Amino acid sequence: MAHLRGNKFNMPVMAKVSGEKAMNKCRLLFFMVLSITLFSSGSLYAGAAVEPILEDARTTLNKAAAKGFEWTTTRKLIEGAEIALAAGEKDKSLKLAKAALNEAEKSLTQANYAEAHWRAGIPL
Amino acid sequence: MGLVRHKIKTGIMLLGLFVFSCMASADAGAESGVDFKAMVQQDIRDFQAYFKKRFSSVEFSEYKNGVYAIDTASREQWLEMEDFPPYEFAVDEGEELFTAPFTNGKTYTDCFANGGEGVRQNYPNFDSKKGEVITLELAINNCRQANGEKPLAYKKGPLAALSAYMASTSAGKTFAVAVPNEAAFQAYKDGKKFFYAKRGQLNFSCADCHMRVAGQKLRADITSPALGHPTGFPVYRSKWEEMGTLHRRYAGCNKNIRAKPLPAQGRAYRNLEYFQSVMSNGLEINGPSSRK
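Computed from a predicted structure; not experimentally measured.

Thresholds applied
- Residues numbered from 1 in each chain as written.
- Chains lettered and ligands numbered in written order.
- Predicted model: local features only at pLDDT ≥ 70, side-chain atom pairs only at ≥ 80, totals over all residues.
- Heavy atoms only, no water.
- Helix = DSSP H or I, 4+ residues; strand = E, 2+ residues; numbered from the N terminus.
- Buried < 20%, exposed > 50% of the residue type's maximum accessible area, 1.4 Å probe, protein only.
- Contact = heavy atoms within 4.5 Å.
- Buried area = accessible area lost by both parts, 1.4 Å probe.
- Salt bridge = Lys/Arg side-chain N within 4 Å of Asp/Glu carboxyl O.
- Polar contact = N/O pair within 3.5 Å; in protein donor to acceptor, adjacent residues only side chain to side chain.
- Axes fitted to C-alpha atoms, helices over the stretch in contact; angles between N-to-C directions.
- Parallel < 35°, antiparallel > 145°, perpendicular 65-115°, else oblique.
- Left-handed = near helix turned anticlockwise from the far one by under 90°.
- Patch = residues over 30% accessible without salt bridge, like charges linked within 9 Å, V, L, I, M, F, W, Y side chains within 5 Å.
- Areas by Shrake-Rupley, 256 points an atom, 1.4 Å probe, with all protein chains shown as cover.
- Lys, Arg positive; Asp, Glu negative; His and termini not counted.
- Charge placed at Lys NZ, Arg CZ, Asp CG, Glu CD.
- Disulfide = S-S within 2.5 Å.
- pLDDT = per-residue confidence, 0-100.

1. A word on the overall build of chain B
Within chain B one finds 10 helices and seven strands. Per-residue burial over chain B gives 48% buried out of 292 residues. Of the contacts formed within chain B by residues at least 6 apart in sequence, a portion of 71% connects residues at least 24 apart.

Here it is as structure tokens:
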């Protein structure tokens, strides 16, 4: 009756063994659910996040354009993101949308910097 | 005793406030009553001195020739090209267009001083009534519209030909572009700001290429000095294989640094042309000309 050997608290070991099995099952289940959640929510998040990022990129780009500082590359990124989104390529769309937002923000920063510091560019 | 001290303190504070407000209003007055003519003259002196120092062996009058003023190898090729000037056809075409009557029987000669002959050096100028800079190309289209004709496209084609013909009648006259009032000074300042502001994904300003690294290689090309840029326009450019206006060149420059070009003859490019022309005051008109 080795399995009935007492532990240091003098509790029956059998109960511990069956408890460990249940715990292992629980762990397995937990990790399965976690991985499914992570992988599926990744693409769900991508789909949900593209539109706001794109909208932000468009708004920021329009602000830079109004100041005459639009870059030639940004609108193409936005168009690429829109096309990818329409084709269901959510990861690609998210990547392009983020790149567009990054560029739009930089061009607006450039415009604002130029407004305040254009004299720094005079090499005289 | 305490009351007296308090009154003295209050008096000092009020006096301080009065002095401060006087200084502030004096500052505001100085801002509005700025001596813009002196500032423009100083800008011209500084701008031209920069190139004199940079290319000490180049005569001032040579800057009308763009990069060919500072690069011997390019100059030799250009002089050979000038034996059979590629812009001559445009001058002939421009002359025909210039003398052809509009539907109402009038011609371009009715719109311009001196019948449009020898007036290129006065453009761009500031129209105080309209509150904007008028370039030669804009004046040509204004003339067309005033006579019931459709405006022409601004970058190339018939408008470049008309501009080429009008420039050819002004050969040898010197640029004398004025900044006559504060509204004009504002347009001049906007052009100046455009010239020195960095833009595009490459973060370059006009001054970066055409002042700081003028005469050096950007990829395979040697950049031209900004002094004298407008004198030779419109130009036949080998890359275009046709004539083009200054604003077409501005758009090309902007694209090169990955900045979206602004509209030809829009306010921004006109103000830029205004600033550049003022900086080139004293140089001869030698348009149309040819460029790489």
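2. A word on the interface of chain A and chain B
Counting residues at the interface gives 16 residues for chain A and 20 residues for chain B. Both faces combined, the contact of chain A with chain B buries some 1,700 Å², and carbon together with sulfur accounts for 61% of it. Three residues stand out in chain A for area buried against chain B, namely W118, P123 and L124 of chain A, and they jointly supply 35% of the buried area on that side. Where chain A meets chain B, there are two salt bridges. The closest approach of N and O atoms between E70 of chain A and K260 of chain B, which form a salt bridge, is 3.9 Å. Where chain A touches chain B, the interface holds eight residue pairs in polar contact (both at pLDDT 80 or more).

3. Brief notes about the pattern of salt bridges
Summed over the entire model, instances satisfying the criterion amount to 15 salt bridges over all chains. The shortest N-O distance in the salt bridge between D43 of chain B and K192 of chain B comes to 3.0 Å. Within this pair, whereas D43 of chain B is found in helix 2 (residues 36-54), its partner K192 of chain B is found in helix 7 (residues 182-196), the two being separated by 149 residues in sequence. The class of D43 of chain B is buried, set by a relative accessible area of 16%. Overlapping salt bridges bring together E55, R58 and E82 of chain A as one network.

4. A short note on the packing of helix 5 (residues 136-146) of chain B against helix 6 (residues 158-168) of chain B
All names here are of chain B. Packing of helix 5 against helix 6 leaves a shortest axis separation of 10 Å and a crossing angle of 110°. Taken together, helix 5 and helix 6 sit at an angle that is classed as roughly perpendicular. Handedness of the crossing formed by helix 5 with helix 6: right-handed. Of helix 6, the residues touching helix 5 (which contributes L136, E137, I140 and N141) are L159, L162, S163 and M166.

5. A word on a negative patch on the surface
On the surface, E88, D92, E93, E95, E96 and E117 of chain B cluster together into a patch of negative charge. Structurally, the position occupied by E88 of chain B is in helix 4 (residues 88-99).

6. A word on the state of the cysteines
All names here are of chain B. Inspection of every chain in the model, using the stated rule, returns one disulfide over all chains. Disulfide pairing is shown between C111 and C143; the S-S distance is 2.0 Å. What sets the handedness of the C111 and C143 disulfide is the S-S torsion sign, and at about 70° it is right-handed. Pair noted here: C111 is in the loop between helix 4 and strand 1 (125-127) and C143 is in helix 5, with a separation of 32 residues, a long-range link. When its relative accessible area of 2% is taken as the criterion, C143 is described as buried.

7. Regarding the confidence of the model for chain A
Any segment with low pLDDT has predicted coordinates that should not be analysed in fine detail. All names here are of chain A. Of all residues in chain A, 64% attain a pLDDT of 70 or more, and the chain-wide mean is 81. Averaged over each element, pLDDT in chain A is lowest for helix 1 (residues 13-66) (70) and highest for helix 2 (residues 74-86) (98). Across residues 1-6 the pLDDT falls below 50, and counting only partners more than four positions away or on other chains, this stretch makes six contacts in the model. Every residue in residues 40-46 is under pLDDT 50, and counting partners more than four places away or in other chains gives five contacts.

8. Some details on the confidence of the model for chain B
For chain B, the mean per-residue pLDDT works out to 91, and 89% of the residues sit at or above 70. A low-confidence stretch, residues 19-31 of chain B stays under pLDDT 50, and its non-local contacts, those more than four residues away or across chains, total zero contacts.

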